[in-house]
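What the coordinates show
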Amino acid sequence: MHSTNTWEQVDQYISKRLIPHDAVLEKVLVTNQQAGLPPHDVSPNQGKLLNILAQMQGARRVLEIGTLGGYSTIWLGRALPTDGKIVTLEAHPVHAKIARSNISLAQLDRMVELREGDALEQLTQMKEEGVAPFDLIFIDADKPNNPLYLEWALRFSRSGTVIIGDNVVREGEIIQAYSTDPRVQGVRKFYDLLAEESRITATAIQTVGSKGYDGFVIGIVKD
Ligand code: SAH
Ligand code: DHB
Ligand code: MG
């Protein structure tokens, strides 16, 4: 009875009821698909969740690791005040190019700084530049680097910063201790670090829907 099909239909029901038609967001998903980007954009309901969490946080400064076509960037950007700022990191030049065009369509150019290049290199450079801490950090790039991204996220945090990580369930694969999938191992180390690290307290919510069975880690940085 509770099949994948049910999850998808319920996801659609929820988004039809609660997400008003939005020409920009709908166009961005079509553009990304037609450009052949990997179908790794968050779903509409997940995007709205990110947007609501950013509003609940009163976020003014957001860091996103992994832009793809900018779909999650736009959801996050719409939660910020007009003088808010998103720094988003993307290694793939084609993804970055499409993201820039999508962000422009959403009229968020002034709010979004897309830094093209390997995220670890960009983060190192940002530290050298003395970039200020962020209110919310969304980790959604290459999963094997998740433990390193968490360390960087903590360096760019203040007490009260919210850190969110995508794809932390992976159809349940994350319970496979001996998985040979480096993404699974990266996410498992991410959990280990969250458990050990006294500067953050975290949980994970499992999600089902148009993106299958997956989940988000949500944590808050303590003093
Ligand atoms: N947040 C996006 C989805 C991101 S998909 C959304 O929900 O709409 C993951 C992205 O991370 C891909 O575009 C991929 O090119 C990028 N990526 C992978 N490894 C990276 C790295 N080392 N540095 C920066 N970006 C990386
Ligand atoms: C993968 C990455 C993502 O960010 C996502 O949302 C889904 C899948 C992946 O690398 O497999
Ligand atoms: Mg993801």
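Each remark here, short or long, concerns the structure printed above.
Remember, it's a predicted structure, so these values are computed and weren't measured experimentally. (Residues numbered from 1 in each chain as written. Chains lettered and ligands numbered in written order. Predicted model: local features only at pLDDT ≥ 70, side-chain atom pairs only at ≥ 80, totals over all residues. Heavy atoms only, no water.)

Ideal values for angles at a metal depend on the geometry: 109.5 degrees with four tetrahedral donors, 90 or 180 degrees with six octahedral donors. Only Asp 140 (OD), Asp 166 (OD) and Asn 167 (OD1) from the protein reach the magnesium ion (ligand 3) as donors, at distances of 2.1 Å. Within one chain, the residues serving as donors to the magnesium ion (ligand 3) are arranged as D-x25-D-N. Take Asp 166 and Asn 167: they sit in the same class, and that class is buried. (Donors = N, O, S within 2.8 Å, 3.2 Å for Na, K, Ca; no water. Buried < 20%, exposed > 50% of the residue type's maximum accessible area, 1.4 Å probe, protein only.)

What follows is about the environment of Ala 177. Residue position: Ala 177 is located in the loop between strand S5 (162-166) and helix H8 (182-196). With a relative accessible area of 37%, Ala 177 lands in the partly exposed category. Taking the C-alpha atoms as reference points, Ala 177 and Phe 134, 43 residues apart in sequence, are found 33 Å from one another. In contact with Ala 177, other than residues within four places in its own chain, are Gln 185 and Arg 188. (Helix = DSSP H or I, 4+ residues; strand = E, 2+ residues; numbered from the N terminus. Contact = heavy atoms within 4.5 Å.)

On to the sheet that holds strand S7 (residues 212-221), then. The strands making up a sheet are joined through hydrogen bonds of the backbone, oriented either antiparallel or parallel. The strand order across the open sheet built from seven strands is S3-S2-S1-S4-S5-S7-S6, with neighbouring strands paired in mixed fashion. What marks the edges here is a single partner per strand, and that holds for strand S3 (112-116) and strand S6 (200-209). Adjacent strand axes in the sheet meet at a mean angle of 15° when their direction is disregarded. In terms of strand pairing, S5 meets S7 through five bridges, oriented antiparallel. Of the residues in S7, the one forming a bridge with Val 162 is Ile 220. Lying on the sheet, helix H5 (residues 93-105) is in contact with strand S2 (85-90) and S3; it crosses S3 at an angle near 170°. (Pairing = 2+ DSSP bridges. Axes fitted to C-alpha atoms, helices over the stretch in contact; angles between N-to-C directions.)

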